[in-house]
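Fold and geometry: a report
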Amino acid sequence: MNMEKQKAEKEARYAELYPQLKALLEGETDSIANMANMAGELHNTFQFWWTGFYRVIADKLVLGPFQGPTACTRIRYGKGVCGTAWEKQQTMVVPDVEAFAGHIACSSASKSEIVVPILKEDKVVAVLDIDSAELDTFDEVDAKWLEKMVKLLHASMN
Ligand code: SME
């Protein structure tokens, strides 16, 4: 499949998933329940290697709801892809994790990654982290939709 067709298909899957997630999350006020359902929906729709959340608790990112293999539980500010997204307050798209200095390898099967920070009142309160077992899985289409999706968590996050 060529790149443009792949992107169009991905776009269509996100566009279909978004209203379903919105409906699912809208009636629930507990952020952990909402993060758990979002991780589950994304993971099952796209068959990622690992899909989950880390929450900012004091000076660390602490593992939250996820789907996939066992992961590292605590990440320091500025460390790894997650800690960098926290520090820079911006989405990190990493096509090849081995080429990212300081990448934290929770699993050697992980080849590419995207991390989207979740901001509330200009502060990062959590990050969404997705790992793929293939190189170069994520691009601006994922970044755009995942940034839109994590906004669905705002109302339930404190
Ligand atoms: N690779 C991440 C750590 C979290 S795991 O991928 C689940 C990082 O470098 O921050």
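Everything numeric in this text was worked out from a predicted model, so none of it was measured. Each chain has its residues counted from 1, following the order in which its sequence is written. Residue-level local features of this predicted model are given only where pLDDT is at least 70; pairs of side-chain atoms are given and counted only at 80 or more, and the full residue set underlies all totals for whole chains, interfaces and linings. The side-chain numbers reported here are obtained from all heavy atoms of the structure, hydrogens and water having been left aside.

**Things to note about helix H1 (residues 3–26)**
Over its 24 residues, H1 runs 34 Å from end to end, which matches the ideal 34 Å to within 8%, given 1.5 Å per residue. With a 1.4 Å probe rolled over the protein chains alone, any residue whose accessible area is under 20% of its type maximum counts as buried; one over 50% counts as exposed, and the rest are partly exposed. Helix and strand definitions follow DSSP, with helices as H or I runs of at least four residues and strands as E runs of at least two, each counted in order from the N terminus. Every buried residue of H1 is accounted for by Lys7, Lys10, Tyr14, Leu17, Tyr18, Leu21 and Leu25. Contacts were defined at the residue level, with two residues in contact if any of their heavy atoms lie within 4.5 Å. Contact partners of the buried residues in H1: helix H2 (31–46) and helix H4 (140–150). Between N or O atoms, a polar contact is any pair within 3.5 Å; within protein, one atom must be a potential hydrogen donor and the other a potential acceptor, and residues adjacent in sequence are included only when both atoms are from side chains. Near the N-terminus of H1, the side chain that reaches the backbone nitrogen of Glu4, with its oxygen 3.2 Å away, is that of Asn2. Under the convention used throughout, the expected extent of a helix is 1.5 Å for every residue step, that is, one less than its residue count.

**Remarks on the site of the ligand**
One heavy atom suffices: a residue is near a molecule or strand as soon as one of its heavy atoms comes within 4 Å of it. What surrounds the ligand is a group of 13 residues, the closest being Val81, Cys82, Ile104, Glu113 and Asp131. His103 places a side-chain nitrogen or oxygen 3.3 Å from a nitrogen atom of the ligand. Backbone polar atom of Ile104 to a nitrogen atom of the ligand: 2.7 Å apart, as the coordinates give it. A 1.4 Å probe and the Shrake-Rupley method give the accessible areas. Residues count as covered only by the protein chains that appear here. Protein contacts shield 99% of the accessible area of the ligand, which totals 300 Å² for the unbound molecule. Of all the secondary structure elements, the ones that give two or more residues to the shell around the ligand are strand E1 (50–57), helix H3 (80–88) and strand E6 (123–132).

**A closer look at the pairing of E1**
Every other side chain in a regular strand lies on the same face of the sheet, so the side chains alternate between the two faces. Looking at chain direction, E1 and E6 are connected through 6 bridges and run antiparallel. Residue Thr51 lies in a different strand from E6, and its bridge partner there is Ile130. Summarising the sheet, E1 and strand E2 (residues 60–67) pair through 6 bridges and their orientation is antiparallel. By the bridge assignment for E2, Gly52 is matched with Phe66. The antiparallel hairpin formed by E1 and E2 contains 2 residues in its connecting segment, where Ala58 sits at a positive phi of about 55 degrees. Two strands form a pair only when DSSP identifies at least two bridges running between them.

**Some details on the packing of H1 against H2**
An axis is simply a line fitted to the C-alpha atoms; with a helix, the fit covers only the stretch in contact. Between two such axes, the angle follows the N-to-C directions and lies from 0 to 180 degrees. Two numbers describe how H1 lies on H2: the axes approach to 11 Å, and their chain directions differ by 155 degrees. With respect to H2, the axis of H1 lies roughly antiparallel. As for how H1 packs across H2, the hand of that crossing is right-handed. Judged by residue contacts, Lys10, Arg13, Tyr14, Leu17, Gln20, Leu21, Leu24 and Leu25 of H1 engage Asn34, Asn37, Met38, Glu41, Leu42, Thr45 and Phe46 from H2. The nonpolar class holds Ala, Val, Leu, Ile, Met, Phe, Trp, Tyr, Cys and Pro. Asp, Glu, Lys and Arg form the charged class, and all remaining residues, Gly among them, are polar. Considered class by class, the residues forming the contact of H1 with H2 number 8 nonpolar, 4 polar and 3 charged. For classification purposes, an angle smaller than 35 degrees is called roughly parallel, one larger than 145 roughly antiparallel, one from 65 to 115 roughly perpendicular, and anything else oblique. Take the far helix as the reference: if the near one is turned anticlockwise from it by less than a right angle, the crossing is left-handed, and if turned clockwise, right-handed.

**What to know about the state of the cysteines**
Two cysteine sulfur atoms make up a disulfide if the distance between them is within 2.5 Å. Overall, the coordinates contain 1 disulfide when judged by the stated rule. Shown here is the disulfide that connects Cys72 with Cys106, its sulfur atoms set 2.0 Å apart. What sets the handedness of the Cys72 and Cys106 disulfide is the S-S torsion sign, and at about -120 degrees it is left-handed. One end of the pair, Cys72, is in the loop between E2 and strand E3 (74–76); the other, Cys106, is in the loop between strand E4 (92–94) and strand E5 (112–120), with 34 residues separating them in the sequence. Taking the relative accessible area as the measure of exposure, Cys72 reaches 21% and is therefore partly exposed. As a non-bridged cysteine, Cys82 has Cys106 as the owner of its nearest cysteine sulfur, 7.6 Å distant. Taking the relative accessible area as the measure of exposure, Cys82 reaches 4% and is therefore buried.

Taken by themselves, the reported measurements are silent on function.
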